[in-house]
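These are the residues of each chain, in order.
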Amino acid sequence: MTHRTLAALMLAAGMAALAGCASPTVITLNDGREIQATDTPQYDEDSGFYQFKQLDGKETRINKDQVRTVKEL
């Protein structure tokens, strides 16, 4: 196996691993608004809030009572 082939295989494996890590998500609020997140939101039971990062990189927290659905894209 040449160095070039090995490098291509390693690159492909790395990209496949990264693709499996992120799960873009749409959060629908009770008022009908939709917010896109870069990954599945984490729910904090102690505070009652979902925490996630929006597509623009902004960290956001939303009260569980305001959330209607959380769906992966």
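Report on the accompanying structure. Just so you know, these numbers come straight off a predicted model, no measurement behind them.

**Observations regarding the environment of D56**
Residue position: D56 is located in the loop between β4 (49-53) and β5 (59-63). With a relative accessible area of 59%, D56 lands in the exposed category. C-alpha separation for the pair D56 and T38, spaced 18 residues apart in sequence, amounts to 8.9 Å. A polar contact of 3.0 Å, which involves the side chain of D56, links it to the backbone nitrogen of K58.

**Points about the sheet that holds strand β3 (residues 42-44)**
The strand order β3-β4-β5 describes an open sheet built from three strands, whose pairing is antiparallel. Single-partner strands in this sheet number two, and they are β3 and β5. Adjacent strand axes in the sheet meet at a mean angle of 25° when their direction is disregarded. Relative to β5, β4 runs antiparallel, the two sharing five bridges. Considered in β5, the bridge of Y50 is made with I62.

**Looking at the pattern of salt bridges**
A full pass over the atoms with the stated rule returns one salt bridge. One salt bridge in this structure joins D31 and R33, with 2.9 Å as the shortest N-O distance.

Definitions and limits used
Throughout, residues of each chain are indexed from 1 in the direction in which the sequence is written. Side-chain atom pairs in this predicted model are given and counted only at pLDDT of 80 or more, local residue features only at pLDDT of at least 70, and totals for whole chains, interfaces and linings cover all residues. Side-chain measures were taken over the full set of non-hydrogen atoms in the model, leaving aside hydrogen atoms and water. Think of it this way: any DSSP run of H or I at least four residues long counts as a helix, any run of E at least two long counts as a strand, and we number them from the N terminus. Exposure classes here rest on a 1.4 Å probe applied to the protein chains alone. A residue is buried below 20% of its type maximum, exposed above 50%, and partly exposed in between. Here a polar contact is taken to be a pair of N or O atoms separated by no more than 3.5 Å, where protein atoms must pair a possible hydrogen donor with a possible acceptor and residues adjacent in sequence count only if both atoms sit in side chains. Being paired, for any two strands, means DSSP has found at least two bridges between them. Between N-to-C directions, angles cover 0 to 180 degrees, with each direction set by a line fitted to C-alpha atoms, over the stretch in contact for helices. Think of a salt bridge as a Lys or Arg side-chain nitrogen and an Asp or Glu carboxyl oxygen that are within 4 Å of each other.

Shape descriptors only; they carry no functional weight alone.
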